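Okay, here's what each chain looks like letter by letter:
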Amino acid sequence: MSLWDSENSFSFNPGMAHLRRLRWLEGDRGDALARVAELREGDHMLDCTLGLGQDALVAAVVVGQQGRVVALEKSLALYAVVSEGLKTYDAGPESCRVEPVHTDAHAYLRTLPSGSFDVVLFDPMFEKPKKSQPAFEMLRRFAEHAPLTPEALEEARRVARRWVVVKGAKHSEDLRKLGLEAEPGSRYTSVIWGRVPALPPARE
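Residues numbered from 1 in each chain as written. Predicted model: local features only at pLDDT ≥ 70, side-chain atom pairs only at ≥ 80, totals over all residues. Heavy atoms only, no water.

Novice: Which residues make up the pattern of salt bridges, and what values do they have?
Specialist: Side chains that carry opposite charge are capable of pairing whenever their charged atoms lie near each other. Using the criterion set out here, one finds 15 salt bridges in the structure. With a shortest N-O distance of 3.1 Å, Glu154 and Arg157 are connected by a salt bridge. With Glu154 and Arg157 both in helix H7 (residues 150-159) and three residues apart, the pair spans about one turn of that helix. Judged by relative accessible area, Glu154 falls into the partly exposed class, the value being 37%. A network of salt bridges, in which partner residues are shared, links Arg20, Asp31, Asp55, Asp123 and Lys167. (Salt bridge = Lys/Arg side-chain N within 4 Å of Asp/Glu carboxyl O. Helix = DSSP H or I, 4+ residues; strand = E, 2+ residues; numbered from the N terminus. Buried < 20%, exposed > 50% of the residue type's maximum accessible area, 1.4 Å probe, protein only.)

Novice: Kindly report on the pairing of strand S4 (residues 68-73), identifying the contributing residues and their values.
Specialist: Across the six residues that make up S4, a large majority, five, are buried. The sheet contact formed by strand S3 (residues 44-47) and S4 spans four bridges and is parallel. Along S4, the bridge assignment pairs Asp47 with Ala71. Crossover S3 to S4 through helix H3 (residues 54-63) is right-handed. Both S4 and strand S5 (residues 98-102) contribute to a ladder of five bridges, which runs parallel. By the bridge assignment for S5, Leu72 is matched with Val101. With respect to chirality, the unit in which S4 leads through helix H4 (residues 76-88) into the neighbouring parallel S5 is right-handed. (Pairing = 2+ DSSP bridges. Right-handed = clockwise from strand over helix to strand, strands pointing away.)

Novice: Now, about the environment of Gly67: what can you tell me, with residues and values included?
Specialist: Looking at the element boundaries, Gly67 is found in the loop between H3 and S4. Assessed through its relative accessible area of 12%, Gly67 is described here as buried. Once the C-alpha coordinates of Gly67 and Arg40 are considered, the two residues, 27 residues apart in sequence, prove to be 8.6 Å apart. When residues no more than four places from it in sequence are discounted, the contact partners of Gly67 are Gly42, Asp43, His44 and Cys96. (Contact = heavy atoms within 4.5 Å.)

Spelled out as structure tokens, the structure:
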């Protein structure tokens, strides 16, 4: 299945996720998502912004076959292409399969019991677009552009057991607007990561 518009076309491709997964399987534990989220084997992760599916695929190999990765996508066009691609992607015996869901993330979060997932991930559209590959340009044209709100972040903190992780762009206000500080990372990357702990369980 392919997605077409007047400028380009897009078919599912794991892209850099394939290399990141290979590195992990070879024993390299330096992946930024895994490090910031403190992902462990057997964890359950909720990716609120499936997009091209790359972070979800990496998380799937990190949490392993006994783990779980549910990935939400509001754009029907992106969901259709990526979910079909994930069906035929060879995840391998050391990875769980990504479970895509076509839904609005904030609405979905409100339906979940507290502490449903170990980690909740957001990768909202960057405030300032950076030059990128054609696939990411397609993503920008079709994806949901609504910013991550403090209300959605608080809902995610309720649903998480450990961390809510947010990806942002270097030299932007993406994280600061949410009250998040960038975690230490490589000086050479254009991506930064912030995180906030889960809310403590409510007392009975």
